[in-house]
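# Observations on the model geometry
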Amino acid sequence: MKRMAITVIASLFFWAGGTAKVQAQEITFTSKARQIYLGANGDPFYNGFVPQSDLSLAWENGFYGDVWFSTALNGRKDFDKEVDITFGKSGKIGQFNYTTNINYFVLVITDVMNVNGETNRNLQINRKVNLAPFLRGEVYFPVHKGGPRQGLMVVSGIRSSSELHPRVILLANYWFKMDSGCFGYDRALLGQGFVGLGFKVNGKVTVTPGVTVSKPLTSVSDGRRFQSNPEIAISYRF
């Protein structure tokens, strides 16, 4: 199952690239230094400094792929070490944007797969401010029996970008997340967000310091609490 899933995603990745014109491809490499590895459910998967990077490819036909990897650069078998492979498709229907993707997470324990779907709409407030309310569903399930419990996350929020200067963008994203109990945690409603500043060094390089926050808004007994996770990211667009 594991080998088959990786093969299917990789095959789709290269098929999408072959169906589009080479000159239409967009390749971006991003490397982030984070204080901790804060999981999607608001719990620290690794409670220490961790670099995380990804290489993404996008084609004019809406297909995209991404390889993401994480490691704290130590020799221990721990949850800082992970590789994620993503293949997806984005597009537009009327005034609404959509994106859907499938992910394979290579973990230090039993691997996990994830299927996502999202719809959003861009609201251009003025020349410098854009808002994008969104609704997203995320389904997580183990590849083999005995892995982390499957579950669903439903996410609703808004992303915003504001041009403070031709080379400086303020990013402010806020969302609520309903966690059905993914990975064996309690059911919970989470309040999460990200605030950062994107500095355009030139036409290819962007540096973005920022902070992600997460807090359970309902009572939980699984140890989750308010988390603040500073980071700095450097992106290079080829």
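Residues numbered from 1 in each chain as written. Predicted model: local features only at pLDDT ≥ 70, side-chain atom pairs only at ≥ 80, totals over all residues. Heavy atoms only, no water.

The protein chain is annotated in an unreviewed UniProt entry as Outer membrane protein beta-barrel domain-containing protein.

Quick look at the side chain of Lys177 now. Inspection of the secondary structure assignment puts Lys177 in strand 12 (residues 168–179). Buried charged residue Lys177 carries no salt bridge. Nearest counter-charge: Glu138, at 4.6 Å. There is a polar contact of 3.1 Å between the side chain of Lys177 and the side chain of Gln192. Beyond its immediate chain neighbours, meaning those up to four positions away, Lys177 contacts Ala40, Met153, Val154, Val155, Ala188, Leu189, Leu190 and Gln192. (Helix = DSSP H or I, 4+ residues; strand = E, 2+ residues; numbered from the N terminus. Buried < 20%, exposed > 50% of the residue type's maximum accessible area, 1.4 Å probe, protein only. Lys, Arg positive; Asp, Glu negative; His and termini not counted. Salt bridge = Lys/Arg side-chain N within 4 Å of Asp/Glu carboxyl O. Polar contact = N/O pair within 3.5 Å; in protein donor to acceptor, adjacent residues only side chain to side chain. Contact = heavy atoms within 4.5 Å.)

The next subject is the side chain of Thr86. Turning to its location among the elements, Thr86 is positioned in strand 6 (residues 82–93). There is a polar contact of 2.4 Å between the side chain of Thr86 and the side chain of Asn103.

A separate point is the packing of aromatic side chains. Any aromatic ring pair is given by two values, namely how distant the centres are and how the planes are angled relative to each other. Tallying each qualifying case throughout the model produces seven aromatic pairs. A ring pair is formed by Phe63 and Phe87, whose centres lie 5.6 Å apart and whose planes are at 25°; its orientation type is stacked. In this pair, Phe63 sits in strand 5 (residues 63–70) while Phe87 sits in strand 6, placing the two residues 24 residues apart along the sequence. Owing to a relative accessible area of 17%, Phe63 belongs among the buried residues under this scheme. Owing to a relative accessible area of 7%, Phe87 belongs among the buried residues under this scheme. Summarising the aromatic geometry, the rings of Tyr140 and Phe183 are spaced 5.2 Å apart at their centres and angled 65° between planes, so their arrangement reads as edge-to-face. Note that Tyr140 is positioned in strand 10 (residues 129–142) and Phe183 in the loop between strand 12 and strand 13 (188–200), a separation of 43 residues in sequence. An aromatic cluster of three or more residues is present, and its members are Tyr37, Phe45, Trp68, Phe105, Tyr140 and Phe183. Between the NZ or CZ atom of Lys89 and the centre of the ring of Phe63, over which it lies, the distance is 5.8 Å. Its end group placed over the ring of Phe134, Arg159 keeps NZ or CZ at 3.9 Å from the ring centre. (Phe/Tyr/Trp six-rings, centres within 6.5 Å; stacked < 30°, edge-to-face > 60°. Lys NZ or Arg CZ within 6 Å of the ring centre and 35° of its normal.)

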